[in-house]
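Architecture and fold: a report
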Amino acid sequence: MTKNNEEPRIGVYVCHCGTNIAGVVDVENVATWAKEKLGTQGVVVSRDYKFMCSSLGQELIEKDIKEHNLNRIVVAACSPHLHEKTFRTATSNGGLNPFMCEMVSIREQVSWVHTDKVIATEKAKSMISGGVARIVHHEPLQPMSVPIHPATLVVGGGISGIQAALEIADAGYPVHLVEREPSIGGHMAQFDKTFPTLDCSACILTPKMVEAGNHPNINLYTWSEVEKVDGYVGNFVATIRKKARKIVEADCTGCGICQEKCPKKVIDDVFEAGLGYRKAVYTPFPQAVPNYPVIDVENCTYFEKGTCKVCEKFCPTNAIDFEQEDELISIEIGNIILATGYDLFDARKVSNYGYGRLANVFTSLEFERLTNASGPTGGEIVLRDGKTVPKSVGVIHCVGSRDKNYNEYCSSICCMQSLKFAHLVHERSGAEVYNFYIDIRTPGKGYDEFYLRLVEEGTNFIRGKVAEVSDTARNSEEEGKLIVQVEDTLVGKQRRIPVDMIVLSAALEPRADAKEVGKLFGISCSANGWLIERHPKLDPVATMTEGIYIAGCAQGPKDIPSSVAQGAAAAARVIGKIQKKEIELEPIRASVIEEKCSGCRICNNLCPFNAILFHEDRMVSEINPALCQGCGTCVAACPAGAIIGTGFSNEQVLSQIEGLLMLNIEAAATD
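Please read these numbers as outputs of a predicted model, since none were measured by experiment.

Glancing now at the packing of helix 11 (residues 364-371) against helix 12 (residues 414-428). Axis separation between helix 11 and helix 12 bottoms out at 11 Å; the angle between their running directions is 35°. Our pair here, helix 11 against helix 12, has a crossing hand that is left-handed. Where helix 11 approaches helix 12, its residues S364, F367, E368 and T371 are matched on the opposing element by Q417, K420, F421, L424, V425 and R428.

Moving on: the side chain of T340. On the secondary structure map, T340 appears in the loop between strand 18 (335-338) and strand 19 (342-344). Relative accessible area serves as the criterion here: at 19%, T340 is assigned to the buried category.

Once that is clear, we can look at the sheet that holds strand 3 (residues 72-77). Across the sheet, 4 strands lie side by side as 2-1-3-4; this open sheet has parallel pairing. Each of the sheet's edge strands pairs with one partner strand only, and the pair in question is strand 2 (43-49) and strand 4 (101-105). Averaged over all adjacent pairs, the angle separating strand axes in this sheet is 15°, with direction ignored. Pairing of strand 3 with strand 4 involves 5 bridges; the strand directions are parallel. Across the sheet, A77 pairs through a bridge with S105, a residue of strand 4. In the packing of helix 1 (residues 27-37) onto the sheet, the strands contacted are strand 1 (10-15) and strand 2, and the crossing angle to strand 2 comes to about 175°. Packed on one face of the sheet, helix 5 (residues 117-135) meets strand 1, strand 2, strand 3 and strand 4 and runs near 160° to strand 4.

The geometry of helix 6 (residues 159-170) relative to helix 15 (residues 560-580) is characterised by a closest axis approach of 8 Å and an angle of 35° between their N-to-C directions. Read as a crossing pair, helix 6 and helix 15 show a hand that is right-handed. Of helix 15, the residues touching helix 6 (which contributes I159, S160, Q163, A164, E167 and I168) are S563, V564, G567, A568, A571, V574 and I575. A per-class count over the contact of helix 6 with helix 15 returns 8 nonpolar, 4 polar and 1 charged.

With respect to the secondary-structure elements, D488 resides in strand 25 (residues 482-488). Look at D488 and you get buried, because its relative accessible area is 5%. Only 3.0 Å separates the side chain of D488 from the side chain of R495, close enough to count as a polar contact. Not counting residues up to four positions away in its chain, the partners in contact with D488 are I462, R463, K493 and R495.

Moving on, we come to helix 18 (residues 650-660). Among the residues of helix 18, Q652, S655 and G659 are the ones counted as buried. In an axial view of helix 18, the angular spread of the buried residues amounts to 70°, which keeps them on one side of the axis. More than 90 degrees from the buried face of helix 18, the exposed residues found are N650 and L654. Two residues or fewer after helix 18 comes M662, characterised by a positive phi angle close to 65°.

To continue, consider unusual backbone geometry. Residue P196 follows F195 across a cis peptide bond; omega there is -5°. By secondary structure assignment, the location of P196 is in the loop between strand 8 (193-194) and strand 9 (199-200). Although it is not a glycine, K246 sits at a positive phi angle of roughly 65°. Mapped onto the fold, K246 is located in the loop between strand 12 (235-242) and helix 8 (257-261). Residue K246 is classed as buried on the basis of its relative accessible area of 9%. Even without a glycine there, the phi angle at N318 is positive, about 55°.

All right, on to the packing of aromatic side chains then. Within this structure, the stated rule accounts for 11 aromatic pairs. Plain terms: the ring middles of F271 and F285 are 4.7 Å apart, the flat faces sit at 15° to each other, and that makes the pair stacked. Taken as a pair, F271 in the loop between strand 13 (265-268) and strand 14 (276-279) and F285 in the loop between strand 15 (281-282) and strand 16 (294-295) lie far apart in primary sequence, 14 residues in all. A relative accessible area of 8% means that F271 is categorised as buried. On the basis of relative accessible area, F285 is assigned to the buried category, the value being 8%. Considering the side-chain rings of Y434 and F436, the 6.4 Å spacing of their centres and the 20° angle between planes classify their relative orientation as stacked. Considered together, Y434 and F436 belong to a single accessibility category, that of buried residues.

Turning our attention to the domain arrangement of the protein chain. Accessible area lost upon the coming together of the parts is a frequently used measure of interface size. Domain boundaries in the protein chain define domain 1 (10-141), domain 2 (244-325) and domain 3 (343-509). Computed over C-alpha atoms only, the centres of domain 2 and domain 3 are separated by 35 Å. In this assembly, 5 residues from domain 2 lie in contact with 8 residues from domain 3. When domain 2 packs against domain 3, the two sides together hide about 590 Å² of surface, and 65% of this comes from carbon and sulfur. Summed over the three residues of domain 2 that lose the most area to domain 3, namely E272, A273 and L275, the buried surface amounts to 73% of that side. The interface formed by domain 2 and domain 3 holds 1 salt bridge in total. The residue E272 makes a salt bridge to R369 at a minimum N-O spacing of 2.9 Å. Each residue belonging to the side of domain 2 that touches domain 3 can be placed in one class, and the counts come to 3 nonpolar, 1 polar and 1 charged.

This part is about the environment of V233. Following the sequence through the fold, V233 ends up in the loop between strand 11 (224-232) and strand 12. Relative accessible area serves as the criterion here: at 2%, V233 is assigned to the buried category. For the pair V233 and P557, spaced 324 residues apart in the sequence, the C-alpha separation amounts to 27 Å. In this structure, V233 is in contact with V146, P147, I148, G334, N335, E546, G547, I583 and L585, ignoring residues within four places of it in sequence.

With that settled, consider the pattern of salt bridges. Following the criterion strictly, the structure yields 36 salt bridges and no others. For R47, the salt bridge goes to D64, with nearest N and O atoms at 2.6 Å. Separated by 17 residues along the polypeptide, R47 in strand 2 and D64 in helix 2 (residues 55-67) bring together distant segments of the chain. Among the residues examined, R47 registers a relative accessible area of 30% and is labelled partly exposed. Looking at D64, the relative accessible area reads 2%, which means it is buried.

Now for the nonpolar core. In terms of nonpolar packing, the biggest core is built from 42 residues, with V12, V14 and I73 touching the most fellow members. The residues touching V12, leaving out its near neighbours within four places in the chain, are A34, V43, V45, S46, R47, V74, I128 and V132.

The rules behind these values
- Residues numbered from 1 in each chain as written.
- Predicted model: local features only at pLDDT ≥ 70, side-chain atom pairs only at ≥ 80, totals over all residues.
- Heavy atoms only, no water.
- Axes fitted to C-alpha atoms, helices over the stretch in contact; angles between N-to-C directions.
- Helix = DSSP H or I, 4+ residues; strand = E, 2+ residues; numbered from the N terminus.
- Left-handed = near helix turned anticlockwise from the far one by under 90°.
- Contact = heavy atoms within 4.5 Å.
- Buried < 20%, exposed > 50% of the residue type's maximum accessible area, 1.4 Å probe, protein only.
- Pairing = 2+ DSSP bridges.
- Nonpolar A, V, L, I, M, F, W, Y, C, P; charged D, E, K, R; others polar.
- Polar contact = N/O pair within 3.5 Å; in protein donor to acceptor, adjacent residues only side chain to side chain.
- Arc of directions from axis to C-beta.
- Phe/Tyr/Trp six-rings, centres within 6.5 Å; stacked < 30°, edge-to-face > 60°.
- Domains from an automatic or database assignment.
- Buried area = accessible area lost by both parts, 1.4 Å probe.
- Salt bridge = Lys/Arg side-chain N within 4 Å of Asp/Glu carboxyl O.
- Core = buried A, V, L, I, M, F, W, Y, C linked by side-chain atoms within 4.5 Å.

Written out as structure tokens, the structure is:
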């Protein structure tokens, strides 16, 4: 009997999933066995069907609930992560509480991991036995509703974050856009051309930057970082540290006189990738939004020696404020979109390519700045001496990508980026270009046509992973050159190719602080360091924490069109939430039995979602059900057994274990 004294009447439904399951598991045998052997456990109906998730499969469940007066449903199919909502809906449509449905994964946990049909079939039986034993102890649950605050926090002012912010703002809702650099724009602002159409990057990006900067529904926080996030979906509170620019923005007109008069020059390691200089008071680039300068306190003469103040003397509006301090701003938001972007792989790690040791080896970002009309050379492709135009250029693909020593994944953009570089070299200098590649990957719209265009332009494509770049000449032709040692796999021989310039197409890597960002917002990172989505195919913008979304290269390497699309997708999800005005949360949550709580606080430090509060006055912990994601970490960790997990009670878990071991069937046979 169940807790509410209701005699269990269970329906078991075993899915063929085409041949995904039926190819390894004898599905008909399993369904027959469930009816015969688990009848004493309450199984009234047991069926197999080719595709349970289809409309006909769901209708079968709904019909059986009504005709056989079923009060519990067990579906043996694929992962609950994929279709639990589908079968809960079918259960609800049949007139039952949706939480009276239990899914058993016999695809991911049986057919996909076994090749022996007999063993797989027996394992499927034991898993269904566990599901039946567990569902006897299920109770009807009701989802909880929470209101949704209409404002959204977008973290990251690159193209993906800008797109997300504009989509939400254009829908009429407030957005707080936070960017750690002095201007929005991200990496795209550094580029000259974008593949495959060769649009001017600034021409297509700047209008969006200006629109975001002037939009009445967007509050722009540049030179700022999120320090703390509290709350839960619909009701987050974020603390933003707005770093001191030492400029009073309300008084600044962006005239640029302070930059012009500043006597201190420093190497620009960020925007100009170390190839150019900026002043100690600066805006990153001419089209910066907002166009207010920032004083670099680490390099400013006044902050170093207490003298100078030239910028203050010449500022016509008295906007310089050397005493300005960081400001902490607290905002309320309902949803958060993380579009924090990527870092470029440090090419120095591949020491055999000579970056940092051989002068005329450049990274892809350095080359982007060389070719940019507003870059340090005015768009001229020259060597490190600033004047010599190369007559031959080698572009090496996959530097730090597809390499077990560094990053095993493909960085997605490197092939097309390298093709673009080859075109720009042809266009600007007429030099001979060699592209050293492992495989050419051009899967996007118009991408393969771009590759064929480069073939027609005369680019030399050499298939093979470069072994070494050196300046050691073996003959007069190699004197003063960089020599690329590579095996040309298409002709089957080793080659030494002398060139004047090398461009390393470096990998995209997660931001250095990606793990800290994930922890701050209560989400996880993959083994590679990218922020993890809820589902890689069906839900690539949501995360396992409700109300937190990811977009662009924060999720993984991608090009500009994909980043824009994902930013818009994340915005669409947020707008949908806001328009509903409230959201239903699953009632699978943990709770504390105060009488048993010893106040040890072990659970507080273990909760990955920061859902547990500690009351000092009563010396007990309390779980915020809106923040809790029902992971069960605290339940398992509590030494006093004071925490219970709804939907995962001791009775449910222990019964499922007995069912998996077939102890319930053995006990029934003995009786």
